[in-house]
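Observations on chain architecture
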Amino acid sequence: MGKPRILVTHPLVFLTDEDLTRRFDIRQLDSELPIGGEQLKHELAGKDGAVCFLIDRFSADVLQATNDLKVISSVSAGLDHIDLAEATARGIYVTNTPTALTNSVAEFAIAIMLALSRRITEADAIVRSGQWKGGWGLTYMLGSELKGKSVGIIGLGRIGTAVAKKLGAFDVSLSYCSRTRKIEAEQSLGIRYLSLDDLLSISDYVIICVSLSDQTRGMIGERELLLMRESAYLVNVSRGQVIDEASLVKVLREKKIAGAALDVFEKEPIGNDHPLAQLKNVFLSPHIGSATKEARRAMVLDAIENLTAIFEGIEAPNIANPEVMKRRPLKVVKML
C-alpha cells in the first residue's frame, strides 16, 4: 500500500514538510483555532491517522464518523480532549507526549509561585503605569520568601516529582499526597506523605500536579479550600477542572487564602471579564506551562515517533489505551 494518509490539525512548526512527507501522505491544516465537530469529521474522511493538539475535540460522535482511522497522536500530555473509550472500542490507538514537557512545566510551576509570592507582575505593572513614586521604602511592595515554608504537592507523578526536586534548592519543607505512596521518592527527595486534608491544612503553598480524571475532577472544592491557611497560596499547572472555580473565586474574594497562581481554567480561553481576572491576589497565564522551545519541539518529535511506531507495527512508547492492542493488534504497514 502507499503511504499512510495523515491529518495534521495545525502546523508542526518544528518539522519541515520533508520530515513529514517522507513517511506519510500529509494533509496539514493552517488554522491555529481548535477544530472539532463537522469540520473534523470532514477532514478525517479517508485518513489513516491524525496528529492533533489539546484544543481539538475527538468526541465519540467524531470518532463514530470515521472508518479508516487507526491512530490519533496527540501533541500533549493530557488526553481529556479525546474520548478514549470510544477510540478503544473502534480499534484506534491513542498516543501522547507526557515526558517531553516535564521539565518545562515544573520550572513554570515554581516561576509562577515566585511571581505570586514576590508580587512580580504587580511590581512590573506599577513601574510601567508610572505609579512608582516613592523610590525605595522599608515596607513597600513586601512579598514572602520561599525559604522555610511548607510546600505541598498534589500528585507526585513526573511533573510533581520534578517540582519537588527543583524545590530542594529553596530550603523548603516538602509534603505530597498521591493515589499511591512513593516510598523511594520520600527517601530520595526528603518529602513526606500526607492525606489531602492534612496537606492542605499545613502548607504555605499548594501545587496541583495531577492529571485530569474522574477521580481528580473537582477534587478541590470549597471544603478543601477552606482547609488552607489564610496565608497560603494555591498553584495549578494541571487542569482547570481539578478546581471548582466558583468556590475558588469565593474564597479569594473573602481572602480565606492569600492568593492563587493559575495556568489552567475550567473553560479556556477566559476573557478579562472573568471573575478571576478581577482579583488582584491572582496570577493568571494562558495555559503556557509547556511553552518552551525545547519542550514543544520535543513534544512534536515524540508525537511523530509515536505515529511512526504504530504504523511500523512497533509498540509506541506512549500508548494511552494499551487495551486497544487486543482489538487491533499491531501490524506492519510498509511506508514508501
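Let us look at the structure shown here. (Residues numbered from 1 in each chain as written. Predicted model: local features only at pLDDT ≥ 70, side-chain atom pairs only at ≥ 80, totals over all residues. Heavy atoms only, no water.)

Glancing now at the sheet that holds strand S8 (residues 191-193). Strand order in this open sheet of seven strands is S8-S7-S6-S9-S10-S11-S12, and the pairing throughout is parallel. Two strands bound the open sheet, and with one partner strand each, they are S8 and strand S12 (282-284). The average angle at which neighbouring strand axes cross in this sheet is 20 degrees, direction not considered. In this sheet, strand S10 (residues 233-236) lies alongside strand S9 (residues 205-208) in parallel orientation, the contact comprising four bridges. Bridge pairing in S10 places Val206 opposite Leu234. (Pairing = 2+ DSSP bridges. Helix = DSSP H or I, 4+ residues; strand = E, 2+ residues; numbered from the N terminus. Axes fitted to C-alpha atoms, helices over the stretch in contact; angles between N-to-C directions.)

Structurally, Ile55 is set in the loop between strand S3 (49-52) and helix H3 (60-64). C-alpha separation for the pair Ile55 and Leu262, spaced 207 residues apart in sequence, amounts to 18 Å.

Here we come to the sheet that holds S3. A sheet is described by the order of its strands in space; here five strands give the open sequence S2-S1-S3-S4-S5, paired in parallel fashion. Two strands lie at the open edges of the sheet, namely strand S2 (25-28) and strand S5 (93-95), each paired on one side alone. Adjacent strand axes in the sheet meet at a mean angle of 15 degrees, parallel and antiparallel pairs treated alike. As paired elements, strand S4 (residues 71-74) and S5 share three bridges and run parallel to each other. Note on S5: the bridge partner recorded for Val71 is Tyr93. Against the sheet, helix H12 (residues 293-311) makes contact with strand S1 (5-8), S3, S4 and S5, and its axis sits at roughly 160 degrees relative to S4, the strand it touches most. (Contact = heavy atoms within 4.5 Å.)

Right, let's talk about the side chain of Glu224 for a bit. Mapped onto the secondary structure, Glu224 falls in helix H10 (residues 222-227). Within the structure, Glu224 has its side chain in polar contact with the backbone nitrogen of Gly221 (distance 2.8 Å). For Glu224, the side chain forms a polar contact with the side chain of Arg223, separated by 3.3 Å. Excluding residues within four positions of it along the chain, Glu224 makes contact with Leu196, Leu200 and Met219. (Polar contact = N/O pair within 3.5 Å; in protein donor to acceptor, adjacent residues only side chain to side chain.)

In this section: the environment of Leu101. Note on placement: Leu101 falls in the loop between S5 and helix H5 (102-117). Given a relative accessible area of 8%, Leu101 falls into the buried group. If sequence neighbours within four positions are ignored, Leu101 has contacts with Ala77, Ile159, Ser290, Ala295 and Met299. (Buried < 20%, exposed > 50% of the residue type's maximum accessible area, 1.4 Å probe, protein only.)

Attention now moves to the pattern of salt bridges. Evaluation of the coordinates by the stated rule reveals 13 salt bridges. For Arg5, the salt bridge is made with Asp48, and the minimal N-O distance between the two is 3.0 Å. Here Arg5 is found in strand S1, whereas its partner Asp48 is found in the loop between helix H2 (37-44) and S3, with 43 residues between them in sequence. Arg5 gets classed as partly exposed once you look at its relative accessible area, which sits at 32%. Two residues, Arg119 and Glu122, come together in a salt bridge whose shortest N-O distance is 2.9 Å. Connected via shared salt-bridge partners are Arg5, Asp48 and Lys70. (Salt bridge = Lys/Arg side-chain N within 4 Å of Asp/Glu carboxyl O.)

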